[in-house]
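Examining the three-dimensional arrangement
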Amino acid sequence: MSDPLLFVPGLMCTDALFAPQIAAFKDRPIMVADHRQHDRISDIAAAILEKAPERFSLIGLSMGGYIAMEIMREAPGRVSKLALLDTKSRADTPEQSERRSFLIELTRKRGFAKVPHLLFPGFVHEKNEENVGLKSIVVEMANDTGPDAFIRQQTAILHRIDSRQRLGEIDCPTLVMVGDGDRLTPPALSREIHERIPTSELEVIPGSGHLTTLETPEAVTIALQKFLNLP
C-alpha cells in the first residue's frame, strides 16, 4: 500500500484549502496537519511529527511549505515524497516582517474581522480578486482559524529561518508547484527552490495565484496524481 498523505495548510487556512484534492484522493489514508497551536515553526513541525504516520508523502502550501522544509530538516527519512506548493525558502524581507507585525497588532487592537478581507486580494490571481465563492472559502477558513491562532502563525512565520542553504540535502522525489500569477510567492521563488533541490521537478500552473489548490483544483490534482503515482 502507498504511503499516507500529509497535507500542511497555509497561513489562516484549514483542511478546506485541500478539499478538492482530499476528495480526489479519498482512497488513500490522509492527514491534515494542525498548525495552529504553536508560535515557532520548529515546535509546529515537532507536534506534527508526533502525530504523523511513520512514513508519509508530504504536501505543504505557503506556510505549510515552511513547515514542510522544517520537517525535512528534522526527519527526512520519514518523508517518501515532498510537494512544495506556492511557497519560498527565503526568510522575510524587512518590509514583509513589518507587514506581519502590523497585522498582529491590528488583530490585537482592533480585532480579526477585517484581516481576511485585507489579505484576500493577494491570495489569488488578479482575475479572481472579485471571486465571491473563493473569498467566502478564505473568510470561512480564517474564522475557523481564529485571531489567537492567526497571531501564533504570523509569529512563527516572522521568526522562521532562511531554508535555502539546506535545500540541497533533500534527496526524496520533490514537486515544486506555483501559480503563474502568484503575487505572494512569485514563480521565481519556486524556481529557486527547484534549482537547489537536485531531485525536484517544477510545475507552473497557468491562471492561478497563491491558492492553486482552490483556484485551479483540477490542474493541481492531476499534477499531484502524476507525481504521487495515484490512480
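Sequence order as written defines the numbering, with residues in each chain counted from 1. The model is predicted, so local features are restricted to residues of pLDDT at least 70 and side-chain atom pairs to those at 80 or more, both for listing and for counting; the totals for chains, interfaces and linings are taken over all residues. The side-chain figures draw on all heavy atoms in the structure; neither hydrogens nor water molecules are used.

1. What to know about the overall build of the chain
Quick note on the threshold: Under the scheme used here, helices are H or I runs from DSSP no shorter than 4 residues and strands are E runs no shorter than 2 residues, and both carry numbers assigned from the N terminus. As defined in this context, the radius of gyration uses C-alpha atoms, and a globule is described by 2.2 Å times the residue total to the power 0.38. Note on classification: 1.4 Å probe, protein chains only; a residue is buried when its accessible area is under 20% of the maximum for its type, exposed when over 50%, partly exposed between these limits. Between two residues, a contact is recorded if the distance between any of their heavy atoms is within 4.5 Å. Methods summary: accessible areas were calculated by the Shrake-Rupley approach with a probe of 1.4 Å, and residue burial reflects only the protein chains presented. We treat Lys and Arg as the positive residues and Asp and Glu as the negative residues; His and chain ends play no part in the count. Each charge is placed at NZ for Lys, CZ for Arg, CG for Asp and CD for Glu.
If you tally the helices and strands in the chain, you get 10 helices and 6 strands. Over its C-alpha atoms the chain spans a radius of gyration of 16 Å, differing by no more than 12% from the 17 Å that the globule rule assigns to 231 residues. Once the C-alpha set of the chain is aligned to its principal axes, its extents read approximately 50 × 35 × 30 Å. The buried share of the chain, taken over its 231 residues, is 54%. Counting only contacts in the chain whose residues sit at least 6 apart along the sequence, the fraction spanning at least 24 positions is 75%. Element-wise, carbon and sulfur atoms account for 50% of the exposed surface of the chain, whose accessible area totals about 10,400 Å². Counting 27 positive and 32 negative side-chain charges, the chain places the averaged centre of each group 3 Å from the other.

2. Quick notes on the pairing of strand 6 (residues 200-205)
Side chains on a regular strand alternate between the two faces of the sheet. As a reminder of what qualifies: Pairing between strands is defined by DSSP: at least two bridges between the two strands are required. Convention used here: a crossover is right-handed provided that the path from the first strand, over the helix, to the second strand proceeds clockwise when the strands point away from the viewer.
Pairing between strand 5 (residues 174-179) and strand 6: 6 bridges, direction parallel. If you follow T174 over to strand 6, its bridge partner there is S200. Following the backbone out of strand 5, through helix 8 (residues 187-196) and into the adjacent parallel strand 6, one traces a crossover that is right-handed.

3. A short note on the sheet that holds strand 6
Operational definition: Axes, fitted as lines to C-alpha atoms, cover a helix only where it is in contact. Angles between the N-to-C directions of the axes lie from 0 to 180 degrees.
Taken in spatial order, the 6 strands make up an open sheet running 2-1-3-4-5-6, and their pairing is parallel. In this open sheet, the two edge strands, each paired with only one partner strand, are strand 2 (30-32) and strand 6. Put simply, the sheet's adjacent strands are angled 15° from each other on average, direction ignored. Here 4 bridges tie strand 4 (residues 79-85) to strand 5, and the two strands are oriented parallel to one another.

By themselves, these observations are geometric and do not establish any function.
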